[in-house]
Amino acid sequence: MTYNESSENLRNRLAEKMAGDITLSEKPGESLKKWRSNFEISQTDIANYLKVSPSVISDYESGRRKSPGTLIIKKIVESILEIDMDRGSKKIHAYESILNAENSTKSIYSTYEYTLPIQLAKLVNLIEGEVVYKGVERPLYGFSVVDSQRAILELSSHEFQKLYGWSTDRAMVFTKVSTGKSPLVAIRVTNLKPGAVVLHGLRKEEVEPVAIKMAEVDRIPLVATTMDLDQIVQLLRKYSQYYARE
């Protein structure tokens, strides 16, 4: 298979995944917003590509307009991928390892996807966290609890991206951290950035200043918590099951 054929196959597989996720979602608009955010593309960029008003895209995402049909979803997905290709296909290729990944990795303690997002403030409250750096807040569509020592020691930067699941708008909870530096270093060298980083087992004052600085550079919210890990997972899963529709 030639490079161009390989790239086209990757794009088609990703398009199929995205379209399926949006179409089958209970909230297609939320899912559409999630993917647009993952690719760091504005509503105006998509609207310009499709030659429609930005309000059309906004209405689809907010649910003010009737859920888009399969044809509209296909066009929107194609616009997202085309725009990323014009920017060098960085996001598309960042998803390659996820498409080719096994369903699990020993580095992942727990992972979960939300149909409806949780806001950072709610997550911080649930896990009794301390905000170390506020960053740019994004709705969080899931969480991954990662054994930081195994992830840093065993995974390449390319493999590290497998930890994101299907949405970068998620909280990455890193366990077994001593200063918080290593997880932020690993994130710095990837093209995919999480919606928030939670350092488990540390108090706010124990986070190394260089870790905070790296979070500031990428504008990633940074949170510290000492809550029991199993309790964190239980509470975050419970939020999805009982509170997401409040």
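Residues numbered from 1 in each chain as written. Predicted model: local features only at pLDDT ≥ 70, side-chain atom pairs only at ≥ 80, totals over all residues. Heavy atoms only, no water.

Description of the side chain of Ser-148
This is how it is decided: The secondary structure listing takes helices from DSSP runs of H or I that are at least 4 residues long and strands from runs of E that are at least 2 residues long, numbered from the N terminus. Polar contacts, as used here, are pairs of N or O atoms within 3.5 Å; protein pairs need one atom able to donate a hydrogen and one able to accept it. Residues neighboring in sequence count only if both atoms are side-chain atoms. The contact criterion used is simple: two residues touch if any of their non-hydrogen atoms lie within 4.5 Å.
Here Ser-148 shows up in helix 9 (residues 148-154). For Ser-148, the side chain forms a polar contact with the main-chain oxygen of Thr-175, separated by 2.4 Å. Discounting residues that sit within four places of it in the chain, Ser-148 has contacts with Phe-174, Thr-175, Lys-176, Val-177 and Pro-183.

Concerning helix 5 (residues 70-86)
Three- or four-residue spacings in an α-helix give side chains the same orientation, since the helix completes a turn every 3.6 residues. Spelled out, the test is: Under the convention used throughout, the expected extent of a helix is 1.5 Å for every residue step, that is, one less than its residue count. Relative accessibility under 20% of the residue-type maximum defines a buried residue, over 50% an exposed one, and the middle range a partly exposed one, all with a 1.4 Å probe and only protein chains included.
Given a rise of 1.5 Å per residue, 17 residues ought to cover 24 Å, and the 24 Å separating the end C-alpha atoms of helix 5 matches this to within 8%. Residues Ile-73, Ile-76, Val-77, Ser-79, Ile-80, Leu-81, Ile-83 and Asp-84 constitute the buried set of helix 5. Where helix 5 terminates, the next one or two residues include Gly-88, which has phi positive at roughly 105 degrees.

Here we look at the side chain of Glu-61
Relative to the assigned elements, Glu-61 resides in helix 4 (residues 54-62). Reaching out from Glu-61, the side chain makes a polar contact with the side chain of Arg-36 at a distance of 2.6 Å. Every residue in contact with Glu-61, bar those within four places of it in the chain, is listed here: Gly-29, Glu-30, Leu-32, Lys-33, Arg-36 and Gln-43.

Some points on the layout of surface pockets
Short version of the rule: Note on definitions: the grid is 1 Å and covers protein atoms alone; a cavity is a set of points where a 1.4 Å probe fits but cannot get out; a pocket is an open set with protein on both sides within 12 Å along at least five of seven lines; lining residues have an atom within 4 Å of a point. Grid points are joined across faces, edges and corners, and a volume is the space filled by probe spheres set on the points.
Approximately 340 Å³ is the volume found for the second largest pocket. What lines the second largest pocket is a set of 17 residues, among which Glu-40, Val-136, Arg-138, Asp-218 and Arg-219 lie closest to the centre. The leading source of residues in the lining of the second largest pocket is helix 2 (residues 28-38), at 3 residues.

Re unusual backbone geometry
Peptide bonds are, in most cases, trans, and in most cases residues other than glycine have a negative phi. Phi is positive for Glu-40, which is not a glycine, with a value near 55 degrees. Residue position: Glu-40 is located in the loop between helix 2 and helix 3 (43-50). Exposure remark for Glu-40: the relative accessible area of 53% places this residue in the exposed category. Even without being glycine, Lys-176 reaches a positive phi, approximately 55 degrees. Assignment of secondary structure puts Lys-176 in the loop between strand 4 (171-175) and helix 11 (181-188).

Let's talk about the sheet that holds strand 6 (residues 222-225)
Using the following cut-off: The pairing criterion is simple: DSSP has to find at least two bridges between the two strands. Helix axes are fitted only over the stretch in contact, all axes being lines through C-alpha atoms; the angle between N-to-C directions runs from 0 to 180 degrees.
With respect to topology, 6 strands assemble into an open sheet ordered 1-3-4-5-6-2, the strand pairing being mixed. Bordering the open sheet on either side are strand 1 (108-118) and strand 2 (130-133), each of which pairs with just one other strand. The mean angle between the axes of side-by-side strands here comes to 20 degrees, regardless of whether they run parallel or antiparallel. The strands that helix 11 touches are strand 4, strand 5 (196-200) and strand 6; relative to strand 5, the one it contacts most, it runs at about 155 degrees.

Comments concerning the pattern of salt bridges
The cut-off we apply is this: Each reported salt bridge corresponds to a side-chain nitrogen of Lys or Arg within 4 Å of a carboxyl oxygen of Asp or Glu.
Inspection of every chain in the model, using the stated rule, returns 12 salt bridges. Measuring nitrogen to oxygen at the nearest pair gives 2.6 Å for the salt bridge that ties Glu-61 to Arg-36. Of this pair, Glu-61 sits in helix 4 while Arg-36 sits in helix 2; the two residues are 25 residues apart in sequence, bridging distant segments of the chain. Per residue, the accessibility class of Glu-61 equals that of Arg-36, and both read buried. With its nearest N and O atoms 3.3 Å apart, the salt bridge here joins Glu-40 to Lys-91. Of this pair, Glu-40 sits in the loop between helix 2 and helix 3 while Lys-91 sits in helix 6 (residues 90-94), and the two are 51 residues apart along the sequence. Through salt bridges with shared partners, a single ionic network connects Arg-188, Lys-193 and Asp-218.

So, the confidence of the model for the chain
Put simply, the test is: The predictor attaches a confidence to each residue, called pLDDT, with possible values from 0 through 100.
The predicted model of the chain has a mean per-residue pLDDT of 84, with 84% of residues at 70 or higher. Mean pLDDT across the elements of the chain ranges from a minimum in helix 10 (residues 157-160), with 62, to a maximum in strand 6, with 97.

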